[in-house]
Amino acid sequence: MASSAQPGTGPSDEFRFPGNRLGLPADGPGSAAGWGRRIVALLLDWFLAGLIASAITGKPIWAGGNDFGTAQLVTFFAMTAILAGLAGGTIGHRVLGLRVLSLKEGPTGAQVGLLGGVIRAVLLCLVLPAVVYDRDRRGLHDRAANTIVVRR
């Protein structure tokens, strides 16, 4: 099935690749980040939050428990809100060559800001907004904060 009304014309300019509508390149630095890198960055951040929570609660990471789970979630929230909002990405983003951009005035590389970081982090911790996304690979958490994750 063709993506346009007329057969044989191919996709319109609006649907060529993720981020095209936002003025991002198709690939390379500044392009919309792929799912593989984003998921690995998320898992790395969750693991680091677990290590910090382990130090806070005095329990090993594998012990679990309600107090450990709460400490890990709060640590993950704080890391994500502060680092994505003020530093342009979390530790996982940095390791995997990603960054978070604000789209308030187009993808200019402007900082997200602490409020945008908090909005992203709250919705990311709720999980469901992060798995509902659009064709530009922006989850509901990115849409609410008016951000996008791109390659460095």
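Quick look at the structure, then. Keep in mind that this is a model prediction, so the values were computed, not measured.

Cut-offs and rules
- Residues numbered from 1 in each chain as written.
- Predicted model: local features only at pLDDT ≥ 70, side-chain atom pairs only at ≥ 80, totals over all residues.
- Heavy atoms only, no water.
- Phe/Tyr/Trp six-rings, centres within 6.5 Å; stacked < 30°, edge-to-face > 60°.
- Helix = DSSP H or I, 4+ residues; strand = E, 2+ residues; numbered from the N terminus.
- Buried < 20%, exposed > 50% of the residue type's maximum accessible area, 1.4 Å probe, protein only.
- Salt bridge = Lys/Arg side-chain N within 4 Å of Asp/Glu carboxyl O.
- Core = buried A, V, L, I, M, F, W, Y, C linked by side-chain atoms within 4.5 Å.
- Contact = heavy atoms within 4.5 Å.
- 1 Å grid on protein atoms, 1.4 Å probe; cavity = no way out; pocket = protein on both sides within 12 Å on 5 of 7 lines; lining within 4 Å.
- Points joined across faces, edges and corners; volume = space filled by probe spheres on them.
- Nonpolar A, V, L, I, M, F, W, Y, C, P; charged D, E, K, R; others polar.

Overview of the packing of aromatic side chains
Right, so step 1: Within the structure shown, the criterion is met by 2 aromatic pairs.
Right, so step 2: Here the aromatic rings of Trp35 and Tyr133 are separated by 4.7 Å at their centres, their planes lie at 55°, and the arrangement is tilted. Of this pair, Trp35 sits in helix α1 (residues 35-57) while Tyr133 sits in the loop between α5 (128-131) and α6 (140-145), and the two are 98 residues apart along the sequence.
Right, so step 3: Overall, the relative accessible area of 30% leaves Trp35 in the partly exposed class.
Right, so step 4: Ring centres of Trp46 and Phe76 lie 5.3 Å apart, and the angle between their planes is 70°; on these two criteria the pair is classed as edge-to-face. Of this pair, Trp46 sits in helix α1 while Phe76 sits in helix α2 (residues 66-86), and the two are 30 residues apart along the sequence.

Quick word on the pattern of salt bridges
Right, so step 1: Per the counting criterion, the structure on display carries 6 salt bridges.
Right, so step 2: Among the ionic pairs, Arg21 bridges to Asp134, the shortest N-O distance being 4.0 Å. Residue Arg21 is located in the segment before α1, and its partner Asp134 is located in the loop between α5 and α6; the two are separated by 113 residues in the primary sequence.
Right, so step 3: Residue classification places Asp134 among the buried positions, given a relative accessible area of 16%.
Right, so step 4: The shortest N-O distance in the salt bridge between Asp142 and Arg38 comes to 3.0 Å. On the criterion of sequence distance, the pair formed by Asp142 in helix α6 and Arg38 in helix α1 is long-range, its members being 104 residues apart. Neither residue differs from the other here; Asp142 and Arg38 are each classed as buried.
Right, so step 5: Through salt bridges with shared partners, one network takes in Arg21, Asp134, Asp136 and Arg143.

Here we look at the nonpolar core
Right, so step 1: Of all hydrophobic cores here, the largest spans 7 residues; its members are Ala33, Ala41, Ala84, Leu98, Val100, Val112 and Val149.
Right, so step 2: The residues contacting Val149, other than those within four sequence positions of it, are Ser31, Ala32, Ala33, Arg38, His93, Leu98, Arg99, Val100, Arg120 and Asp142.
Right, so step 3: Residues Leu24, Ala32, Leu101 and Val150 belong to the second largest nonpolar core, which totals 6 residues.

Thoughts on the layout of surface pockets
Over the atoms rolls a probe the size of a water molecule, and in doing so it shows where empty space is left.
Right, so step 1: Size it by volume and the largest pocket reaches roughly 470 Å³.
Right, so step 2: Lining the largest pocket are 21 residues, with Arg38, Leu42, Leu124, Ala130 and His141 positioned closest to its centre.
Right, so step 3: At the level of secondary structure, the elements contributing two or more residues to the lining of the largest pocket comprise α1, α2, α4 (114-125) and α5.
Right, so step 4: No other element matches α1, which puts 7 residues into the lining of the largest pocket.
Right, so step 5: Residue composition of the lining of the largest pocket, by class: 14 nonpolar, 4 polar and 3 charged.

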